[in-house]
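# Close look at the chain arrangement
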Amino acid sequence: MSPNPDQPEPSREADRLCVIKFGGSVLTGLADYSEAASETYRHIRSGEKVIVIASALQGETDALYEESELVGAGASPVARARLVRLGEFRSAALMGLALDRIGVRVIVVDPGEIGLFAEGDPLDAGLCGLDVESLRKKIECADAIVVPGFTASHHESGAAVLGRGGADLTAVMLAAKIGIRRARLIKNVDGVYTCNPAKNPAAVRFDRLDYTAATAASEGLIQDKAIHMAEAAGVQLEIAAMGAVQASCIMPGPAITGALRNNQRKRIALLGCGAVGSGVLDHVVRRPDLFDLNPVLVRDPGARSSDARAAFTSDAAIALSDRLDLLVEMMGGADEPAVLMAEALSAGVDVVTANKAAVARHFDALKDAAVRGGARLAYSAAVGGGAPMIETVRRLRTPGVAGLEGVMNGTANFILSKLGEGRAFADALAEAQELGFAEADPRADVEGHDAADKLSILIREAFDISLPPEHIAKQSLAEITPEMCAAAAAHGKVYKQIARARRTSGNAVDAAVTIEPVCLSHPFAGARNEQNRALITDINGRIHAVFGKGAGRWPTAAAVFADIMDMQRSPACDNPVPDIQMPDRSAPGPTCLQPA
Ligand code: NDP
Ligand code: HSE
């Protein structure tokens, strides 16, 4: 979509923000918050901060209107507004929980906290004010802000709701006030049609239409007040399904109709169903419209008899049978999975993996196989888990990366956090294993091999230099005692495992994994437990921070599933995220290797 020439260029800050509204039609039950969180994460990993507008769960607002009738027939509109708005408050809180679970820095706000005010009929109010500064301050220290849609404070009555479909209006208002040119409204349709496609099979889908045409075609799909405000404020509306690339774009200009593209189902093989794989399986089985799933490869299928989500096998040939489109490797180990991935890639099957050991050690073989087979390899989760480190480094290739450092191993950070609380090393490690953070052989975490694998991958991404992990010096966590942590704390410091690389002259790089005390004011000091953090310095001296949870089922599964959805959405060699309208800055390349 081309930008609207009638609108001024947005500010740099606004460029990095987007507004996404999740409608009640896509929030049909608690499980849908996980998908909404994934959709939000997709934008965050592409470099945007997201303002999420939450509608109530499907049917909840109707039920609240009914309750207001039953309990208070004839009650004042204010009293009714106070009840019917509750669905959005609950939904915003649930969205916050789902985002927090995958490690997104999220703040949930009530309308009053951002000065969101309405005027007029408390049951069908119009929005009239927003405290932009207070919203901006919150955005500065989070990657997602969740706002309940449909409701606002009211100068006279205290509380108001914005009429049916009012969360659309909230989305448009926030976009307009903060200077963002577009708002994405996620609904259970893949766009706006000439008329309701459920009632009329001859309905034709729009790729693009103007505000007047949208008002005529919408039939309640989009709130009229929201369309009018969008037109007045020059906000472009995107109507899209959850996880979809394409949207119907409501903006000035001639209407363009078009069927959906790239909507084929993919046959997918999952190798491994442990801490990470089980979370990924959850995501995949929720999208039977997109994926046909082969039996999942595990060592012990007998232990899975009560898991009804999928069939399980210990036979790799069965797991990889049929004409596969996508292989997702989450087994662990280095050599065996690398062989399976290379075979798949050279046969033209796209591969997603969370396996840093395999990628770090066998990158060249995997790359050759991908080139031979014309397939893609994606490995976002291999570094940083749900902290999008690879994506950030890729975006910074232009202008260029001077150096990078980070807390890159969740288990090591968890153990150091617990040592700082006076816990014994063995207890802390056992808990990290229990929580699914540690590698199958936890010496990889403790002795710094896992962090070195990740650093080796980032060095390749940042500098295009091959530095095998075995050539990176590492310090073992076993050298650190609770007494050393207590002594550091007495001096206002905390121990961290830090992986660091700096480009030196020519094609050389200095790299090491160290354990060192940092001041409490240092950005790494705030990374607690399994959290990861990275600071990437570009060649202009600007420092870019990356936050997230580096280990655990849900953050890692979110990153793996984001790669899967990128592959699902785009045919080979396409930009996997063409709908994310990044402004004119370095394109957010997928976290994947494409054939040359
Ligand atoms: P788990 O040990 O929890 O799970 C491994 C899964 O793979 C199990 O289902 C296991 O089967 C199966 N498996 C292992 N080896 C074989 C084999 N030879 N044949 C068949 N099945 C096999 O590992 P994680 O989920 O923790 O990690 C998976 C990968 O993700 C690793 O590469 C890890 O480094 C990476 N990763 C992990 C993160 C985390 O937080 N845990 C974060 C980021 C990346 P069975 O269940 O029968 O034993
Ligand atoms: N064992 C790894 C860690 C898993 O603790 O960071 C995530 O890569």
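Everything quoted here is computed from the prediction, not taken from an experiment.

## What to know about the packing of helix 2 (residues 32-45) against helix 20 (residues 553-569)
Between helix 2 and helix 20, the least distance of the axes is 10 Å, while the angle of their chain directions is 85°. Overall, the two elements helix 2 and helix 20 adopt an arrangement that is roughly perpendicular. Where helix 2 abuts helix 20, its residues Ser38, Tyr41, Arg42 and Arg45 lie against Ala558, Ala559, Phe561, Ala562, Asp563, Asp566 and Arg569. Taken together, the residues that form the contact of helix 2 with helix 20 break down as 5 nonpolar, 1 polar and 5 charged.

## Some thoughts on the sheet that holds strand 22 (residues 473-474)
The mixed open sheet is built from 6 strands, whose spatial order is 22-24-23-21-25-26. Each having just a single partner strand, strand 22 and strand 26 (543-549) make up the two edges of the open sheet. Of the strands in this sheet, strand 21 (401-407), strand 23 (493-503), strand 24 (509-519) and strand 25 (531-538) are in contact with helix 15 (residues 410-420), which crosses strand 23 at around 150°.

## Points about the nonpolar core
Membership of the largest hydrophobic core comes to 53 residues, with the highest contact counts inside it found for Phe22, Met95, Val280, Val328, Val560 and Ile564. Ranked by the residues each element gives to this core, the list is headed by helix 20, at 9 residues. Aside from chain neighbours lying at most four places away, what touches Val560 is Val276, Val280, Val328, Met330, Val352, Ala354 and Ala381.

## Describing the site of ligand 1
In the neighbourhood of ligand 1, 23 residues make up the surrounding shell, with Cys273, Val276, Arg304, Glu439 and Gly552 lying closest. The backbone of Asp300 places a nitrogen or oxygen atom 2.9 Å from an oxygen atom of ligand 1. Within the side chain of Glu336, a nitrogen or oxygen atom sits 3.5 Å from a nitrogen atom of ligand 1. Among the residues forming the shell around ligand 1, the class breakdown is 10 nonpolar, 7 polar and 6 charged.

## A short note on the side chain of Lys266
With respect to the element layout, Lys266 can be found in strand 14 (residues 266-271). For Lys266, the residues in contact, after removing those within four places along its chain, are Leu290, Phe291, Asp292, Asp325, Met567, Gln568 and Ser570.

## Brief notes about the site of ligand 2
Taken together, Lys356, Asn409, Gly410, Thr411, Phe437, Ala438, Glu439, Asp445, Asp450, Lys454, Gly550 and Ala551 make up the full set of residues adjacent to ligand 2. Measuring from an oxygen atom of ligand 2, one finds a backbone N or O atom of Gly410 at 2.7 Å. Between ligand 2 and Thr411 there is a distance of 2.6 Å, counted from an oxygen atom to a side-chain nitrogen or oxygen. Here ligand 2 has 260 Å² of accessible area as a free molecule, and 94% of this is covered by the chains. Among the secondary structure elements, those contributing two or more residues to the shell around ligand 2 are helix 15 and helix 18 (449-463). Here the residues of the shell around ligand 2 sort into 3 nonpolar, 4 polar and 5 charged.

## Thoughts on helix 7 (residues 166-178)
Across its 13 residues, helix 7 extends 19 Å between first and last C-alpha, which sits within 8% of the 18 Å expected from 1.5 Å per residue. Where burial is concerned, most of helix 7 is hidden: 11 out of the 13 residues are buried. Burial in helix 7 covers these residues: Gly166, Ala167, Asp168, Leu169, Thr170, Ala171, Val172, Met173, Leu174, Ala175 and Ile178. Gly179 occupies a position one or two residues after helix 7 and carries a positive phi of about 85°.

## Focus on the pattern of salt bridges
Pairs may arise between side chains of opposite charge once their charged atoms sit close together. Going through the model one piece at a time under the given rule, you end up with 38 salt bridges. The closest approach of N and O atoms between Glu421 and Lys418, which form a salt bridge, is 3.7 Å. A relative accessible area of 46% means that Glu421 is categorised as partly exposed. A network of salt bridges, in which partner residues are shared, links Arg45, Glu391, Asp563, Asp566 and Arg569.

## Structural notes on the packing of helix 8 (residues 211-218) against helix 9 (residues 224-233)
Two numbers describe how helix 8 lies on helix 9: the axes approach to 10 Å, and their chain directions differ by 175°. Put simply, helix 8 runs roughly antiparallel to helix 9. Of helix 9, the residues touching helix 8 (which contributes Tyr211, Ala214, Thr215 and Ser218) are Asp224, Ile227, His228, Ala230 and Glu231. When its residues are assigned to classes, the contact of helix 8 with helix 9 shows 4 nonpolar, 3 polar and 2 charged.

## Thoughts on the packing of aromatic side chains
Tallied over the full model, the rule gives 3 aromatic pairs. Look at Phe291 and Phe561: their rings are 6.4 Å apart centre to centre, the planes differ by 65°, and that puts the pair in the edge-to-face class. Of the two residues, Phe291 sits in strand 15 (residues 291-293) while Phe561 sits in helix 20, which places them 270 residues apart along the sequence. The pair formed by Phe291 and Phe561 is uniform in burial state, with each residue classed as buried. Aromatic side chains Phe414 and Phe437 sit 5.6 Å apart centroid to centroid with 65° between the ring planes, which places their arrangement in the edge-to-face category. With a gap of 23 residues between them, Phe414 in helix 15 and Phe437 in the loop between helix 16 (425-434) and helix 17 (443-446) connect regions that are remote in the sequence.

## Some details on the sheet that holds strand 8 (residues 158-161)
The strand order 5-4-7-8 describes an open sheet built from 4 strands, whose pairing is mixed. Only two strands of the sheet have a single partner each, and these edge strands are strand 5 (126-129) and strand 8. For this sheet the average axis-to-axis angle between neighbouring strands, irrespective of direction, equals 55°. Alignment of strand 4 (residues 117-119) against strand 5, held across 3 bridges, turns out to be antiparallel. Bridging from a neighbouring strand, Phe117 pairs with Gly129 of strand 5.

## Structural notes on the pairing of strand 6 (residues 144-148)
Across the 5 residues that make up strand 6, a large majority, 5, are buried. Burial of the side chains of strand 6 extends over both faces: Ala144, Val146 and Pro148 are buried on one face and Ile145 and Val147 on the other. The pairing of strand 2 (residues 49-54) with strand 6 spans 5 bridges and is classified as parallel. Note on strand 6: the bridge partner recorded for Val50 is Ala144.

## Quick look at the side chain of Arg85
Locating Arg85 in the fold gives a position in the loop between helix 4 (77-84) and helix 5 (86-101). Asp110 provides the closest opposite charge to the buried, unpaired Arg85, separated from it by 7.7 Å. Excluding residues within four positions of it along the chain, Arg85 makes contact with Phe150, Thr151, Ala159 and Val161.

## Some thoughts on the domain arrangement of the protein chain
For the protein chain, the domain assignment lists domain 1 (14-258), domain 2 (266-383 + 555-569) and domain 3 (389-549). Relative to domain 2, the C-alpha centre of domain 1 lies at a distance of 35 Å. Summed over both sides, the interface of domain 1 with domain 2 buries roughly 1,100 Å², with 50% coming from carbon and sulfur. If you look at where domain 1 meets domain 2, you find 3 salt bridges. Residue Glu35 is joined to Arg287 by a salt bridge in which the shortest nitrogen-to-oxygen separation is 3.4 Å. Counting across the domain 1 and domain 2 interface gives 8 residue pairs in polar contact (both at pLDDT 80 or more). At 6 residues, the largest contribution of residues to the side of domain 1 that touches domain 2 is made by helix 2.

Rules behind the numbers
Residues numbered from 1 in each chain as written. Chains lettered and ligands numbered in written order. Predicted model: local features only at pLDDT ≥ 70, side-chain atom pairs only at ≥ 80, totals over all residues. Heavy atoms only, no water. Axes fitted to C-alpha atoms, helices over the stretch in contact; angles between N-to-C directions. Helix = DSSP H or I, 4+ residues; strand = E, 2+ residues; numbered from the N terminus. Parallel < 35°, antiparallel > 145°, perpendicular 65-115°, else oblique. Contact = heavy atoms within 4.5 Å. Nonpolar A, V, L, I, M, F, W, Y, C, P; charged D, E, K, R; others polar. Pairing = 2+ DSSP bridges. Core = buried A, V, L, I, M, F, W, Y, C linked by side-chain atoms within 4.5 Å. Buried < 20%, exposed > 50% of the residue type's maximum accessible area, 1.4 Å probe, protein only. Near = heavy atom within 4 Å. Polar contact = N/O pair within 3.5 Å; in protein donor to acceptor, adjacent residues only side chain to side chain. Areas by Shrake-Rupley, 256 points an atom, 1.4 Å probe, with all protein chains shown as cover. Expected span 1.5 Å × (residues − 1). Salt bridge = Lys/Arg side-chain N within 4 Å of Asp/Glu carboxyl O. Phe/Tyr/Trp six-rings, centres within 6.5 Å; stacked < 30°, edge-to-face > 60°. Lys, Arg positive; Asp, Glu negative; His and termini not counted. Domains from an automatic or database assignment. Buried area = accessible area lost by both parts, 1.4 Å probe.

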